[in-house]
Amino acid sequence: MRIDIVTIFPEFFRVLDVSLLGKARTSGLLDVRAHDLRDHAHDRHRTVDDTPYGGGAGMVMKPEPWGEALDGILDEAAAAGGPGPTLIVPSPAGEPFRQPIAAELAQLDHLVFACGRYEGIDQRVVDHYDERMPVRLLSLGDYVLNGGEVAAMAMVEAIGRLVPGVVGNPESLVEESHQDGLLEYPSYTKPQVWRGLEVPDVLRSGNHGAVAAWRHEQRIERTRRVRPDLLGDDDA
Ligand code: 6GU
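Residues numbered from 1 in each chain as written. Predicted model: local features only at pLDDT ≥ 70, side-chain atom pairs only at ≥ 80, totals over all residues. Heavy atoms only, no water.

*Asks:* What is the right way to look at the pattern of salt bridges in this model?
*Replies:* Any two side chains of opposite charge can pair, given that their charged atoms come close. If you walk through the whole model with that rule in mind, you get 15 salt bridges. One salt bridge in this structure joins Asp71 and Arg132, with 2.9 Å as the shortest N-O distance. Note that Asp71 is positioned in helix H2 (residues 63-79) and Arg132 in the loop between helix H4 (123-129) and strand E7 (135-139), a separation of 61 residues in sequence. For Arg132, a relative accessible area of 41% puts it in the partly exposed group. (Salt bridge = Lys/Arg side-chain N within 4 Å of Asp/Glu carboxyl O. Helix = DSSP H or I, 4+ residues; strand = E, 2+ residues; numbered from the N terminus. Buried < 20%, exposed > 50% of the residue type's maximum accessible area, 1.4 Å probe, protein only.)

*Asks:* Please explain the site of the ligand as it appears in this structure.
*Replies:* The local shell around the ligand consists of Pro90, Ser91, Pro92, Leu138, Ser139, Leu140, Gly141, Tyr143, Val144, Leu145, Gly147 and Ala151. For the ligand, a nitrogen atom lies 2.9 Å from a polar atom in the backbone of Leu140. Separating a nitrogen atom of the ligand from a backbone N or O atom of Gly147 is a distance of 3.5 Å. Alone, the ligand offers 290 Å² of accessible surface; in the complex the protein occludes 96% of this. Listed by contribution, the elements that provide at least two residues to the shell around the ligand are strand E5 (86-96) and E7. A total of three residues in the shell around the ligand trace back to one element, the largest contributor, which is E5. (Near = heavy atom within 4 Å. Polar contact = N/O pair within 3.5 Å; in protein donor to acceptor, adjacent residues only side chain to side chain. Areas by Shrake-Rupley, 256 points an atom, 1.4 Å probe, with all protein chains shown as cover.)

*Asks:* Teacher, can you tell me more about unusual backbone geometry here?
*Replies:* Cis geometry is adopted by the peptide bond preceding Pro191, which originates at Lys190 and carries an omega value of 10 degrees. Position of Pro191 among the secondary structure elements: in the loop between helix H5 (149-160) and strand E8 (193-194). Phi at Arg46 is positive, roughly 50 degrees, even though this residue is not glycine. Position of Arg46 relative to the elements: it lies in the loop between strand E2 (31-36) and strand E3 (49-50). The class of Arg46 is partly exposed, set by a relative accessible area of 34%.

*Asks:* Sorry, what's going on with the environment of Gln218 here?
*Replies:* Tracing the backbone shows Gln218 in helix H6 (residues 208-226). Considering only alpha carbons, one finds Gln218 and Leu182, 36 residues apart in sequence, at a separation of 10.0 Å. Residues contacting Gln218, with those up to four places away along its chain left out, are Tyr185 and Pro186. (Contact = heavy atoms within 4.5 Å.)

*Asks:* How should I be thinking about the sheet that holds strand E1 (residues 2-7) in this particular structure?
*Replies:* Remark on secondary structure: sheet strands pair via backbone hydrogen bonds, oriented parallel or antiparallel. The sheet built from five strands is open, its strands ordered E2-E1-E6-E5-E7 with parallel pairing. Two strands in the sheet have a free side with no partner beyond their single neighbour: E2 and E7. Mean inter-strand twist for the sheet, computed between neighbouring axes without regard to direction, equals 30 degrees. Of the pairings in the sheet, the one linking E5 to E7 comprises six bridges and is parallel in character. Within the sheet, the bridge partner assigned to Val89 lies in E7 and is Leu137. Packing of H2 onto the sheet brings it into contact with E1, E2, E5 and strand E6 (110-114), and relative to E1 it is tilted by some 165 degrees. (Pairing = 2+ DSSP bridges. Axes fitted to C-alpha atoms, helices over the stretch in contact; angles between N-to-C directions.)

*Asks:* Which parts of the structure should I look at to understand the nonpolar core?
*Replies:* Soluble, globular proteins show a tendency: their nonpolar side chains are buried together. Ranked by internal contacts, the top residues of the largest apolar core, which has 31 residues, are Ile5, Phe97, Phe113 and Ile159. When contributions to this core are tallied by element, the ones reaching two or more residues are E1, helix H1 (19-26), helix H3 (99-105), E6 and H5. Top contributing element to this core by residue count: H5, with seven residues. When neighbours within four sequence positions are excluded, Phe113 is seen to be in contact with Ile3, Asp4, Ile5, Val6, Ile88, Pro90, Ala152, Met155, Val156 and Ile159. (Core = buried A, V, L, I, M, F, W, Y, C linked by side-chain atoms within 4.5 Å.)

*Asks:* Hey, could you run me through H6 in this one?
*Replies:* Each turn of an α-helix holds 3.6 residues, which means side chains three or four residues apart point in the same direction. Taking 1.5 Å of rise per residue, 19 residues should cover 27 Å, and H6 covers 27 Å from first to last C-alpha, within 8% of that figure. If you check which residues of H6 are buried, you get Val211, Trp214, Arg219 and Thr223. For H6, the angular spread of buried residues about the axis comes to 160 degrees, placing them on one side. Turned more than 90 degrees away from the buried face of H6 sit Glu217 and Arg225, all of them exposed. Among the structural elements, helix H7 (228-231) are those in contact with the buried residues of H6. Of the residues that open H6, the one with a side-chain oxygen 3.2 Å from the backbone nitrogen of Gly209 is Asn207. (Expected span 1.5 Å × (residues − 1). Arc of directions from axis to C-beta.)

Structure, rendered in structure tokens:
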């Protein structure tokens, strides 16, 4: 999978060189590239923002640098042939980014992330590229970050680990939180007693059926307690 990230902070994404995703990058499973939006701002100060029409606080990202940066990526992708990329715009105004969306995006060959700062990107950038490629506005959750970078990083990790081969043991993708709409069960390892706390007996019983039943109950109990919305029986 190819992932291009356009940002005014390309150095942010150096963290992707480490850990599991770093290995996937080295092995060629994931080809992640961060591009500096300011390379496409041509005034002396490499300006990427301006004041909002209609007034109000903060600054808005100008459309021209975005147009040049995204055209460059689209042109290169077209020249290479293959399916066109999907544009992802991290935004607190987007639809909630959830595991099914991560799984859907992990099927694609090429993703482009547009990381906005300030009060966001001029709306015409989304409107224009929406005519040329699939565009998704995605939010990490109901809180506000200073820009799309941290959100893009989270999405790249959630999507990238679902690309076949990135996670060594695919079994570990099966019984985890959100995979089937429930939170995961609690896990234990040795020692059997730690600071007076014992591992539940059933896990040492050798009875696989009983273990599976206990884990399933734990998942339901945990989900009911902290995320009743996932069971559709919350009072919210
Ligand atoms: Cl995707 N972007 C920003 N700036 N803030 C957020 C977010 C995204 N998701 C939650 N808060």
